[in-house]
Amino acid sequence: MSDLQIGLIALGVLLILLVLGFNWWQDRRVRRKMQTHFPSTEQDPLLGAGAAAGASATAGAAAARREPGMGGESARAQPGQPAPVDAGSDADDTEEPDPACEVVIEINFADAVRGADLLPYMQSLRHVGRKPMRVFAETDQRRHRARVHAGESYASMQLAVLLANRSGPLTAIEWSQAWARAQDMAERFDATIEGPDQQAVLEQGARLDDTCAALDTQVGLTLLLGAAQPAAEVLSVARDMGFVADGSRLAWLAENGVARFTLARGDGAAFDAGMGGIERLYLLLDVPCSPADERAFGRMVDVGRDLAARLRADLVDDQGKPLADGSETVIDERLQVLFGQLEQAGLPAGSERALRVFA
């Protein structure tokens, strides 16, 4: 047999191996695409809700994975509770996805992935459109984490996407973006993803948005300073009274550290921005984001009158009229009804859930 024949035979074998390898790679790629576009579920659609419930209970007993609890607020860290545990601790973090206002996409890694390898991608998982996302994870030791640590390895990740906030309900585009980012993580780290049907997600977001829209209330007061006063002096007076920094605004805090109401410049600028004077200030009681209080509005009026006296300003309502005698009592009585409605809707005023969806 000549060298040419041997070379042709070797080349033919090599081509066959290349074709087989390419077909295997294509088959594996298509299977992964199908897994990501058609999330698996433990429920057989032909068995109905009763059988699904039984299967869910059996799976829960057999699996060690920690699932988000339906307790929502009670299951998550509240203001004043300890922060999530340090990396390497045997204890689970207390903060979890909130099924009342978030939807979860699960990413399950074929092999445990180091936190150090995941951290560079965390920045892209903070927002989709105008909806924030939170990242949770489960270590290869079955420990629940509220954030990824470089020194741990993870068996899965959960992307919790907010269903609605003051920008409106979660949109199809925002949900698609969240799904695409989960799919990108799955392709990078050899994982599968699971999540609910898009239409069900959008309907849940719309229902939450309708509920929030019916309960969203803000009450304001205005301080008219007359001649412009230096911003530094206004800031000094407000701090002496007890206001603290809250972004570009100042906040009057409740005992648990949540803002009861805020103080902002009329021009919207930060109090320490530039050298210009201030002619107008706004006090704002954001009802869903403020802890329930029998004198929620009356308390703001008391502070507003004190501040007006110190700044030689006039305190008026949001229509520009002086406050009528007894108006505090009437408004506070109305606010008590609203606080009760927020509680009944599962959105207690000033709670973490309320702060999340009324943002």
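- By the naming in an unreviewed UniProt entry, the chain goes by Cell division protein ZipA and is assigned to Achromobacter aegrifaciens.
- As its UniProt record puts it under Subcellular location (unreviewed entry), the chain is described as follows: "Cell inner membrane".
- Regarding the chain, the relevant UniProt record gives this comment under Sequence similarities (unreviewed entry): "Belongs to the ZipA family."

Here we look at the packing of aromatic side chains
Part 1: With the rule as written, the count across this model stands at 6 aromatic pairs.
Part 2: Where Tyr121 meets Phe189, the ring centres are 5.5 Å apart and the plane angle is 85 degrees; that geometry is what we call edge-to-face. In this pair, Tyr121 sits in the loop between helix H3 (115–118) and strand E2 (127–128) while Phe189 sits in the loop between helix H4 (172–188) and strand E8 (191–194), placing the two residues 68 residues apart along the sequence.
Part 3: Overall, the relative accessible area of 25% leaves Tyr121 in the partly exposed class.
Part 4: Given the relative accessible area of 16%, Phe189 is considered buried.
Part 5: When the centroid spacing of 6.0 Å and the interplanar angle of 10 degrees are considered together, the rings of Trp252 and Phe261 count as stacked. Grouping residues by exposure puts Trp252 and Phe261 together as buried.

Concerning the state of the cysteines
Part 1: For the structure on display, the rule yields 0 disulfides.
Part 2: With no disulfide partner, Cys212 has as its closest neighbouring cysteine sulfur the one in Cys101, 8.7 Å distant.
Part 3: Residue class for Cys212 comes out buried when judged on its relative accessible area of 7%.

Brief notes about the pattern of salt bridges
Charged atoms that come close allow side chains of opposite charge to pair.
Part 1: Per the stated rule, a full pass over the model turns up 20 salt bridges.
Part 2: Of the charged contacts, one joins Asp98 and Arg353 as a salt bridge, the two residues approaching to 2.7 Å between their closest N and O atoms. Of this pair, Asp98 sits in the loop between helix H2 (48–62) and strand E1 (102–114) while Arg353 is found in helix H9 (residues 352–357), placing the two residues 255 residues apart along the sequence. Across the pair, exposure class does not vary: Asp98 and Arg353 are buried alike.
Part 3: Between Glu328 and Arg305 there is a salt bridge, with the nearest N and O atoms lying 3.0 Å from each other. Of the two residues, Glu328 sits in helix H8 (residues 327–344) while Arg305 sits in helix H7 (residues 296–311), which places them 23 residues apart along the sequence.

About the thresholds
Residues numbered from 1 in each chain as written. Predicted model: local features only at pLDDT ≥ 70, side-chain atom pairs only at ≥ 80, totals over all residues. Heavy atoms only, no water. UniProt positions renumbered as here; feature names shortened; annotations may be inferred. Phe/Tyr/Trp six-rings, centres within 6.5 Å; stacked < 30°, edge-to-face > 60°. Helix = DSSP H or I, 4+ residues; strand = E, 2+ residues; numbered from the N terminus. Buried < 20%, exposed > 50% of the residue type's maximum accessible area, 1.4 Å probe, protein only. Disulfide = S-S within 2.5 Å. Salt bridge = Lys/Arg side-chain N within 4 Å of Asp/Glu carboxyl O.

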